[in-house]
Amino acid sequence: MVVGMLDEPLSRFLHGLDLNRTGVVLVSDHGIHTGILWNFGFYSTHLENKLPGWYMALPRWWLDTRPGARQNLEHNEQALVTPYELYATLLDLGGYTKKDVKFKSVVSDQVAARDCDEAKIPRTYCRCH
């Protein structure tokens, strides 16, 4: 489980949650960018730096009350998403309407296949390059 790889205090906190009553969203601003592997210029570490983490754990009962949520999450699991989709998702999870938000929630919508140019991701941060 991913939780075992986290810092001990965060791991203890997450293990103490009642995940039947609590949703958790963890986001990082970037992947690995320090250490011996980074210093030696391994391609995998430079690729990871372009892939910030976004992890969600939502109660099963909550997913069961949202038609299509499970399917949308599975579809979007490997989609190219941006902080804009994160914003739309957080609004969605909070129960706010998205009428003025032009981006898609990964819970309620399926993000279309796209490349970095279409997603407005700078080339420096694009995992495709």
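Our subject in this report is the structure included herewith. Please read all numbers here as calculations on a predicted model, not as lab measurements.

Description of the overall build of the protein chain
Thinking step 1. Along the protein chain, the regular secondary structure elements total seven helices and two strands.
Thinking step 2. Across the 129 residues in the protein chain, those meeting the buried criterion constitute 26%.
Thinking step 3. Nonlocal contacts in the protein chain, meaning residues at least 24 apart in sequence, comprise 59% of its contacts between residues at least 6 apart.
Thinking step 4. Split by element, the accessible area of the protein chain, about 9400 Å² in all, is 56% carbon and sulfur.

Quick word on the side chain of Asn72
Thinking step 1. Here Asn72 shows up in helix α5 (residues 69–76).
Thinking step 2. Given the relative accessible area of 10%, Asn72 is considered buried.

Overview of the nonpolar core
The tendency in soluble globular proteins is for nonpolar side chains to be buried as a group.
Thinking step 1. Counting eight residues, the largest nonpolar core consists of Leu58, Trp62, Leu63, Ala69, Ala79, Val106, Val107 and Val111.
Thinking step 2. Excluding its chain neighbours within four sequence positions, the residues that come into contact with Ala79 are Val111 and Arg127.
Thinking step 3. Membership of the second largest hydrophobic core comes to five residues, among which are Leu80, Ala119, Ile121 and Cys126.

Comments concerning unusual backbone geometry
Thinking step 1. Phi is positive for Lys120, close to 65 degrees, though the residue is something other than glycine.
Thinking step 2. Relative to the helices and strands, Lys120 is located in the segment after α7 (116–119).
Thinking step 3. A relative accessible area of 68% means that Lys120 is categorised as exposed.

What about the packing of aromatic side chains?
Thinking step 1. The final tally for this structure, using the stated rule, is one aromatic pair.
Thinking step 2. Note on Tyr84 and Phe103: the rings are 4.5 Å apart at their centroids and 15 degrees apart in plane angle, and the pair reads as stacked. A residue pair is termed long-range when its members are at least 10 positions apart, and Tyr84 in helix α6 (residues 83–93) and Phe103 in the loop between α6 and α7 qualify at 19 residues.
Thinking step 3. Taking relative accessible area as the criterion, Tyr84 reaches 46% and is therefore assigned partly exposed.

Thoughts on the environment of Thr124
Thinking step 1. If you trace the backbone, Thr124 turns up in the segment after α7.
Thinking step 2. Overall, Thr124 belongs to the exposed group, its relative accessible area being 58%.
Thinking step 3. In sequence terms Thr124 and Lys50 are 74 residues apart; their C-alpha atoms lie 8.1 Å from each other.

What counts as what
- Residues numbered from 1 in each chain as written.
- Predicted model: local features only at pLDDT ≥ 70, side-chain atom pairs only at ≥ 80, totals over all residues.
- Heavy atoms only, no water.
- Helix = DSSP H or I, 4+ residues; strand = E, 2+ residues; numbered from the N terminus.
- Buried < 20%, exposed > 50% of the residue type's maximum accessible area, 1.4 Å probe, protein only.
- Contact = heavy atoms within 4.5 Å.
- Areas by Shrake-Rupley, 256 points an atom, 1.4 Å probe, with all protein chains shown as cover.
- Core = buried A, V, L, I, M, F, W, Y, C linked by side-chain atoms within 4.5 Å.
- Phe/Tyr/Trp six-rings, centres within 6.5 Å; stacked < 30°, edge-to-face > 60°.

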